[in-house]
Amino acid sequence: MLKKDLLELCLLQLLDGGDKYGYEVLTPLRAAFPDTQESAIYALLRGLGKSGLTSWYMAPGGGGPDRKYYRITSAGQARLEEMRDQWRNMRDAIASFGVE
Amino acid sequence: MMRAKKARPLTREQYLKKFSRAVRWRLMPQESEEAISDYRELIFQEERDESKLVEELGEPVQAAHLLTDVKAYRQWLKIFAVLAFGLFLLAKWAWMGHSSFYFSFADQWWYPVWVMAVGLALSLYWFRRYGQKNGPLSKRLVLALVVVLAFGAGTMAWNWYVFDSSFLDSYVERYPLIIPWQVILQRELIINGGMICALIALAGLILAKCYDRRWLALYTLAVTVAAVCGFIIFFCRSIDIGYAVRSSAQSYLFARLIPIGAAGLIGTGVALC
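Residues numbered from 1 in each chain as written. Chains lettered and ligands numbered in written order. Predicted model: local features only at pLDDT ≥ 70, side-chain atom pairs only at ≥ 80, totals over all residues.

**Q** Quick question: what am I supposed to make of the overall build of chain A here?
**A** The secondary structure content of chain A amounts to four helices and three strands. The N-to-C order of helical and strand elements in chain A reads α-β-α-α-β-β-α. For chain A, the spread of C-alpha atoms along the three principal axes comes to 50 × 30 × 20 Å. Within chain A, buried positions represent 25% of all 100 residues. Sequence-distant contacts, at least 24 apart, represent 51% of the contacts inside chain A between residues at least 6 apart. (Helix = DSSP H or I, 4+ residues; strand = E, 2+ residues; numbered from the N terminus. Buried ≥ 20, exposed ≤ 12 C-beta atoms within 10 Å, placed from the backbone. Contact = placed C-beta atoms within 7 Å.)

**Q** What is the right way to look at the overall build of chain B in this model?
**A** A tally of helices and strands in chain B yields eleven helices and zero strands. Starting at the N terminus and ending at the C terminus, chain B contains elements arranged as α-α-α-α-α-α-α-α-α-α-α. A globule of 273 residues ought to have a C-alpha radius of gyration of about 19 Å, yet chain B, at 24 Å, is considerably larger. Each principal axis of the C-alpha atoms in chain B carries an extent, and together these give about 80 × 35 × 30 Å. When the 273 residues of chain B are sorted by exposure, 36% land in the buried category. For chain B, the proportion of contacts with a sequence separation of at least 24, taken over those separated by at least 6, is 85%. (Rg over C-alpha atoms; globule rule 2.2 N^0.38 Å.)

**Q** Please clarify how the packing of helix H5 (residues 70-96) of chain B against helix H6 (residues 111-130) of chain B should be interpreted in this entry.
**A** For any two helices packed against each other, one specifies the inter-axial angle together with the distance between the axes. Residue and element names in this part refer to chain B. Viewed as axis vectors pointing N to C, H5 and H6 meet at an angle of 155°, and their least axial separation amounts to 10 Å. Classified by the angle between their axes, H5 and H6 sit roughly antiparallel to one another. As for the relative orientation of H5 and H6, their crossing is left-handed in sense. Counted together, Ile79, Val82, Leu83, Gly86, Leu89, Leu90 and Trp93 of H5 and Tyr111, Pro112, Val115, Val118, Gly119, Leu122, Ser123 and Trp126 of H6 form the full contact between these two elements. Tallied by class, the residues present in the contact of H5 with H6 amount to twelve nonpolar, three polar and no charged. (Axes fitted to C-alpha atoms, helices over the stretch in contact; angles between N-to-C directions. Parallel < 35°, antiparallel > 145°, perpendicular 65-115°, else oblique. Left-handed = near helix turned anticlockwise from the far one by under 90°. Nonpolar A, V, L, I, M, F, W, Y, C, P; charged D, E, K, R; others polar.)

**Q** In this structure, what is going on with the sheet that holds strand S2 (residues 54-60) of chain A? I would like to understand it.
**A** For sheets, the rule is that strands pair by backbone hydrogen bonds, running either parallel or antiparallel. Residue and element names in this part refer to chain A. Taken together, the three strands give an open sheet; going across it, the order is S1-S3-S2, and neighbouring strands pair in antiparallel fashion. Only two strands of the sheet have a single partner each, and these edge strands are strand S1 (20-21) and S2. Relative to strand S3 (residues 66-72), S1 is paired through two bridges, and the arrangement is antiparallel. Looking across to S3, one finds that Tyr21 is bridged to Tyr69. Across the face of the sheet, helix H1 (residues 3-16) comes into contact with S1, S2 and S3 while running at roughly 105° to S3. (Pairing = 2+ DSSP bridges.)

**Q** Explanation requested: the interface of chain A and chain B in the structure shown.
**A** Accessible area lost upon the coming together of the parts serves often as the stated size of an interface. Each partner contributes residues to the interface: chain A has 17 residues there, and chain B has 16 residues. Contributing elements (two or more residues each) for the side of chain A that touches chain B: H1, helix H2 (22-32), helix H3 (38-50) and S3 of chain A. In terms of residue count, the dominant contributor to the side of chain A that touches chain B is H3 of chain A (six residues). Taken together, the residues of the side of chain A that touches chain B break down into five nonpolar, four polar and eight charged.

**Q** Would you explain the domain arrangement of chain B in this entry?
**A** Residue and element names in this part refer to chain B. When cut into domains, chain B gives domain 1 (12-66) and domain 2 (70-272). Averaged C-alpha coordinates put domain 1 and domain 2 at centres separated by 38 Å. Contacts between the two partners involve seven residues from domain 1 and, on the opposite side, eight residues from domain 2. For the side of domain 1 that touches domain 2, the secondary-structure elements that each account for two or more residues are helix H1 (12-26) and helix H2 (29-43). Residue composition of the side of domain 1 that touches domain 2, by class: three nonpolar, one polar and three charged. (Domains from an automatic or database assignment.)

**Q** Looking at this model, I keep getting lost on helix H4 (residues 74-95) of chain A. Mind explaining?
**A** Residue pairs three or four apart in sequence face the same way in an α-helix, which turns once every 3.6 residues. Taking 1.5 Å per residue, 22 residues should reach 32 Å; H4 of chain A reaches 31 Å between its end C-alpha atoms and fits that length. Burial within H4 of chain A is sparse, with just two of its 22 residues counted as buried. (Expected span 1.5 Å × (residues − 1).)

**Q** Looking at this structure, I do not really get the packing of H6 of chain B against helix H10 (residues 216-238) of chain B. What am I missing?
**A** Residues and elements named next belong to chain B. Relative to each other, H6 and H10 sit at 170°, their axes nearing to 8 Å. Judged by the inter-axis angle, H6 sits roughly antiparallel to H10. From H6, Tyr111, Pro112, Val113, Val115, Met116, Gly119, Leu120, Ser123 and Phe127 reach across to H10, where they touch Leu216, Tyr219, Thr220, Val223, Thr224, Ala227, Gly230, Phe231 and Phe234. Grouping the amino acids of the contact of H6 with H10 by side-chain chemistry returns 13 nonpolar, five polar and no charged.

**Q** For this particular structure, what's the right way to read H2 of chain B?
**A** Relative to the 21 Å expected for 15 residues at 1.5 Å per residue, H2 of chain B spans 21 Å between its end C-alpha atoms, a close match to the ideal helical length. Looking at H2 of chain B, one finds that the buried residues are Pro29, Ser32, Ala35, Tyr39, Leu42 and Ile43 of chain B. When H2 of chain B is viewed along its axis, its buried side chains cluster within an angular range of 145° and face the same direction. Exposed and facing more than 90 degrees away from the buried side of H2 of chain B are Gln30 and Ser37 of chain B. Of the surrounding secondary structure, the elements contacted by the buried residues of H2 of chain B are H2 of chain A together with H1 and helix H3 (53-57) of chain B. (Arc of directions from axis to C-beta.)

**Q** Can you walk me through the pairing of S2 of chain A in this structure?
**A** In the case of a regular strand, side chains alternate between the two sheet surfaces. All names here are of chain A. The sheet contact formed by S2 and S3 spans seven bridges and is antiparallel. Bridge pairing in S3 links Thr54 to Ile72. Here S2 folds back onto S3 in antiparallel fashion, the turn holding five residues, of which Gly63 has a positive phi close to 85°.

Here it is as structure tokens:
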């Protein structure tokens, strides 16, 4: 798995926990991957939308203008499950070398 | 993934402006408007520290680059290069009054028409296939079309008057050494008009890519007027005003200019649809 795949996994996992608006998605991912800029994460999020793995809708923000909320689709959930399996396999493979 | 570079402070408005410019040039209108709207939301978050905008989001141009479909963008750059080169030729020909290359099988006055034909065919094909409409028809576009059309029609009318055999006869016979003001005005109209219309066409092309493909109508109309001006300039430079030419110049010229203008108007109509 490349770093891009790890980011995708985290992104889908984050959205699996509930619908989120852009800043809510980008901030924790940037905190987890500090050398990655938000524009790169946004590009990934946009790519997921184009692939049909996420969708979006507008909803009122906290007192301000409407916000764009992202949600995971059923195709996205299937992809998340597949990526979780890949991650577990990779984690086990690495652990077999004694890497903690 | 992109790594953080040394941050250059930008205000939220400056960032959004630079990002919007970059993304409009690289993406299709609807996609770019969507990305700009998303970035506006991200940038104007209350929690966002303005001084860390570039550090957190990256340089605006890099951010736009990350959203770019590289293959489609390169294809657009090639199309743009060809069309812009055509406009450069039209402007150069209007200014110089001659071409630095010569094809023996055709008179030089047809060169601007070839450029126009290639420009119309290529731009209409590309924008009808990949371009996007964006909202209602712009009033500025309508105004710009009216201005270019009025200029084109006025130039044609003035040339009709100047190439009239009775006018040519009277001034050649009476004042063979003096250039009458009508001819000076005609020359200024076609030289400056050809150059200005090439520039307007370039603006139309950029606006069609960045905002709404219907701006291509401005390109098609302006390139037609520039080609007509180029045709007349080359024609004037090539002919020797003898009696035979004076009597047939108007009919020869307009039998060609009218179909060229009609083709440009049809192209303009297609671009607006």
